Amino acid sequence: MSDAAWGKVLAEIVGFSERIRMLPVVHQHDPSALRAELAESFTFGAPRDLAELTEDVIARLRGGLIHVTHPRYFGLFNPSVHEASVIADTLTALYNPQLAAWSHAPVVQEMEQLVLRTLTALIGFPEEGVHAAFTSGGAEANLTAVLAAIAHRCPESAERGVSAFTERPAIYVTDESHHSFLKAARMLGLGTGAIRVVRTTPRFVMDVDALDTAMAEDAASGWLPLMVVATAGTTAAGMVDPIPAIADVAARRGAWLHVDAAWGGAAAFSAKLKPVLLGIERADSVTWDAHKWLSVPMGAGMIFCRHPEAVHRAFAVHTSYMPPESGSLTADPYAVTAQWSRRAIGLKLFLPLAQLGVAGFAERIEHQAAMGDLLRVQLRAAGWSVVNDTMLPVVNFTHADITKGRITTRALLDAIYARGNVWFSDVVVGSGTERVLRACITSFHTTAEDVGVLVGELERVRGES
Ligand SMILES: *Cc1c(COP(=O)(O)O)cnc(C)c1O
């Protein structure tokens, strides 16, 4: 063991959330210079001192990232992380528990199941008869949901693949849905033609009448309505599709309802925000990422499904080299999920939940929603217009200088990134073609002062351009 190396790690971890504030949020690099410099510095030829290397790597991390854990990172759904999660992930690396089979890591399996049962209750799913598992992220969870829907609708597909369907399966999404469904359709042999894109309303949510019409037209031309995807917290605009009305249409037309709550699922922790998720309890399956608004390090997604038999059918395999089933209360994860060797993903959610409690999580989530509200107020006061309408902390906004073509969002962002004080992005929302700016509160450390810095940077750069 290298005590000196651990000393450096510990010194970096303790007080990190205060020190990260002192660093620029953004670092820009010349790609070829970076590649060459690394190849020169690390030849992997002779052994080197671990403490020195640790110090070197820490310095490179400090100066070589967009710091997503920075309180002035207003970016994509990448969080600041709970201190307890860092401890949990360190212990996970140290013990390297293998969660493929229950019997190899009983205590971690049951810690994960305890967390999953708690979250199952938060989304209003029944206590019994739910398959819940940690995944690498939302993409794997969405893939799992589509595969389960296939196995549910067409049990023979487990052996015969999608050729077992007599009609072509269709999956209904919107332009605002996550693009992981396109990949899932390819990976599962459905092809991207199976992804039917339903129009959105001017509020950037699924137009439920358009969904109903599209499903009727498709059924008449030989499509099978496999799945409807409602998003709870869209990536571009933080909107929640009208889940109850979508659930009605899905039920009437015999389709599986999947709610992709990768980011927005966190609202289930808060009595104040929970109403936005109304109807989620009617879903056949739900995706929810812990590594987004629940503030744990990547990768930590979750899948919840009310048809465990379909999930089991989708993944079931048996082999003599795995340990026999051990009389555990849940099936061995390797036989009911996409992964085989499996990291203790859930420990980094277990520990902060045990430390802060459900109420502590709710407080952090509500704080971020409040910072989103404050950002909207400050933007409007400075003459910017907010173009989306959500209780969740994603703010899409623009300015007459942008809409009149005096400055592009790209030029504005480049000038702001060069200053390094804040990071946010731009995006096209809905059926529009114009780019708007997008800022999301992703850190529970973000303060009113940080929000003020964002608006100040915007005004300064707009004034100078
Ligand atoms: C992030 C996200 C995904 C993809 O999840 P990963 O964890 O990045 O794999 C899917 N859907 C939505 C709505 C998301 O926000």
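You'll find the structure just up there.
Residues numbered from 1 in each chain as written. Predicted model: local features only at pLDDT ≥ 70, side-chain atom pairs only at ≥ 80, totals over all residues. Heavy atoms only, no water.

1. A word on the sheet that holds strand E9 (residues 394-398)
Here is step 1: Strand order across the open sheet formed by four strands is E8-E9-E11-E10, with antiparallel pairing between neighbours. The open sheet has two edge strands, strand E8 (385-386) and strand E10 (425-428), and neither has a second partner.
Here is step 2: As paired strands, E9 and strand E11 (residues 435-440) are joined by four bridges and run antiparallel to one another. Paired with Val394 across the bridge in E11 is Cys440. (Pairing = 2+ DSSP bridges. Helix = DSSP H or I, 4+ residues; strand = E, 2+ residues; numbered from the N terminus.)

2. Some thoughts on the sheet that holds strand E3 (residues 195-198)
Here is step 1: Read across the sheet, seven strands follow the order E1-E7-E6-E5-E4-E2-E3 without closing on themselves; strand pairing throughout is mixed. Across the chains shown, the open sheet's two edge strands, defined by having one partner strand only, are strand E1 (131-135) and E3. Direction aside, the axes of adjacent strands within the sheet are offset by 20° on average.
Here is step 2: Relative to strand E7 (residues 301-305), strand E6 (residues 285-289) runs antiparallel, the two being bridged by five bridges. Note on E7: the bridge partner recorded for Ser285 is Cys305.
Here is step 3: Seen against the sheet, helix H11 (residues 243-252) touches strand E4 (223-231) and strand E5 (256-260) and runs at an angle of roughly 155° to E5. (Axes fitted to C-alpha atoms, helices over the stretch in contact; angles between N-to-C directions. Contact = heavy atoms within 4.5 Å.)

3. Notes on the side chain of His82
Here is step 1: With respect to the secondary-structure elements, His82 resides in the loop between helix H4 (50-63) and helix H5 (83-95).
Here is step 2: A polar contact is formed between the side chain of His82 and the side chain of Arg364, at a distance of 2.9 Å.
Here is step 3: For His82, the residues in contact, after removing those within four places along its chain, are Leu294, Ser295, Val296, Pro352, Leu356, Phe361, Arg364 and Phe444. (Polar contact = N/O pair within 3.5 Å; in protein donor to acceptor, adjacent residues only side chain to side chain.)

4. Overview of H11
Here is step 1: Of the residues making up H11, those classed as buried are Ile243, Ile246, Ala247, Val249 and Ala250. Buried residues of H11 fall within an arc of 165° about the axis and therefore sit on the same side. When the buried face of H11 is taken as reference, the exposed residues oriented beyond 90 degrees from it are Ala251 and Arg252.
Here is step 2: Contacts from the buried residues of H11 go to helix H10 (208-220), E4 and E5. (Buried < 20%, exposed > 50% of the residue type's maximum accessible area, 1.4 Å probe, protein only. Arc of directions from axis to C-beta.)

5. A look at the pattern of salt bridges
Here is step 1: Enumeration according to the criterion identifies 25 salt bridges in this entry.
Here is step 2: Among the ionic pairs, Glu12 bridges to Arg19, the shortest N-O distance being 3.8 Å.
Here is step 3: Look at Glu12 and you get buried, because its relative accessible area is 14%.
Here is step 4: Here Arg60 ties to Asp56 by a salt bridge, and the two come within 2.9 Å at their closest N and O atoms. Of this pair, Arg60 and Asp56 both sit in helix H4, separated by four residues, roughly a single helical turn.
Here is step 5: Residue Arg60 is classed as partly exposed on the basis of its relative accessible area, which comes to 27%.
Here is step 6: Here the salt bridges do not stand alone but share partners, grouping Asp401, Arg406, Glu459 and Arg462 into one network. (Salt bridge = Lys/Arg side-chain N within 4 Å of Asp/Glu carboxyl O.)

6. Looking at the site of the ligand
Here is step 1: Inspection of the region around the ligand gives 15 residues, with Gly138, Asp260, Asp289, His291 and Lys292 positioned closest.
Here is step 2: Take Asp260: an N or O atom from its side chain is 2.6 Å from a nitrogen atom of the ligand.
Here is step 3: In the complex, 85% of the free accessible area of the ligand, which totals 380 Å², lies under the protein chains.
Here is step 4: Among the residues forming the shell around the ligand, the class breakdown is three nonpolar, nine polar and three charged. (Near = heavy atom within 4 Å. Areas by Shrake-Rupley, 256 points an atom, 1.4 Å probe, with all protein chains shown as cover. Nonpolar A, V, L, I, M, F, W, Y, C, P; charged D, E, K, R; others polar.)

7. Concerning the environment of Pro31
Here is step 1: Checked against the element boundaries, Pro31 lands in helix H3 (residues 31-41).
Here is step 2: Accessibility expressed as a relative area gives 60% for Pro31, which makes it exposed.
Here is step 3: The spacing of Pro31 and Cys305 is 274 residues in sequence and 43 Å in space, taken between C-alpha atoms.

8. Overview of the packing of helix H16 (residues 409-419) against helix H17 (residues 448-464)
Two measures define how a pair of helices packs: the angle their axes make with one another and the distance between the axes.
Here is step 1: Look at H16 against H17: their axes get within 10 Å of each other, and the N-to-C directions meet at 120°. Relative to H17, H16 is oriented oblique. For H16 against H17, the interelement crossing comes out right-handed. From H16, Leu412, Ala415, Ile416 and Arg419 reach across to H17, where they touch Glu457, Leu458, Arg460 and Val461.
Here is step 2: Class assignment of the residues belonging to the contact of H16 with H17 gives a composition of five nonpolar, no polar and three charged. (Parallel < 35°, antiparallel > 145°, perpendicular 65-115°, else oblique. Left-handed = near helix turned anticlockwise from the far one by under 90°.)

9. Considering the pairing of strand E2 (residues 168-174)
Here is step 1: Among the seven residues of E2, six are classified as buried, and the element is accordingly described as predominantly covered.
Here is step 2: Sheet analysis places E2 next to E4, joined by five bridges and oriented parallel. Paired with Tyr172 across the two strands is Val228, which belongs to E4.
Here is step 3: In this sheet, E3 lies alongside E2 in parallel orientation, the contact comprising four bridges. In the sheet register, Thr174 faces E3, and the bridge partner there is Val198.
Here is step 4: Taken together, E2, helix H9 (residues 180-187) and E3 constitute a β-α-β crossover, and its handedness is right-handed. (Right-handed = clockwise from strand over helix to strand, strands pointing away.)

10. Re the packing of aromatic side chains
Here is step 1: Under the counting rule described, the total for this entry stands at 11 aromatic pairs.
Here is step 2: Summarising the aromatic geometry, the rings of Phe269 and Phe361 are spaced 5.2 Å apart at their centres and angled 25° between planes, so their arrangement reads as stacked. Pair noted here: Phe269 is in the loop between E5 and E6 and Phe361 is in helix H14 (residues 347-381), with a separation of 92 residues, a long-range link. Each member of the pair Phe269 and Phe361 is classed as buried.
Here is step 3: Here the aromatic residues Phe269, Trp288, Phe304 and Phe361 are joined through ring pairs into a cluster of three or more.
Here is step 4: Here the basic side chain of Arg196 rests over the ring of Trp223, its NZ or CZ set 4.2 Å away from the ring centre. (Phe/Tyr/Trp six-rings, centres within 6.5 Å; stacked < 30°, edge-to-face > 60°. Lys NZ or Arg CZ within 6 Å of the ring centre and 35° of its normal.)

None of the figures reported here should be taken as evidence of function without further support.
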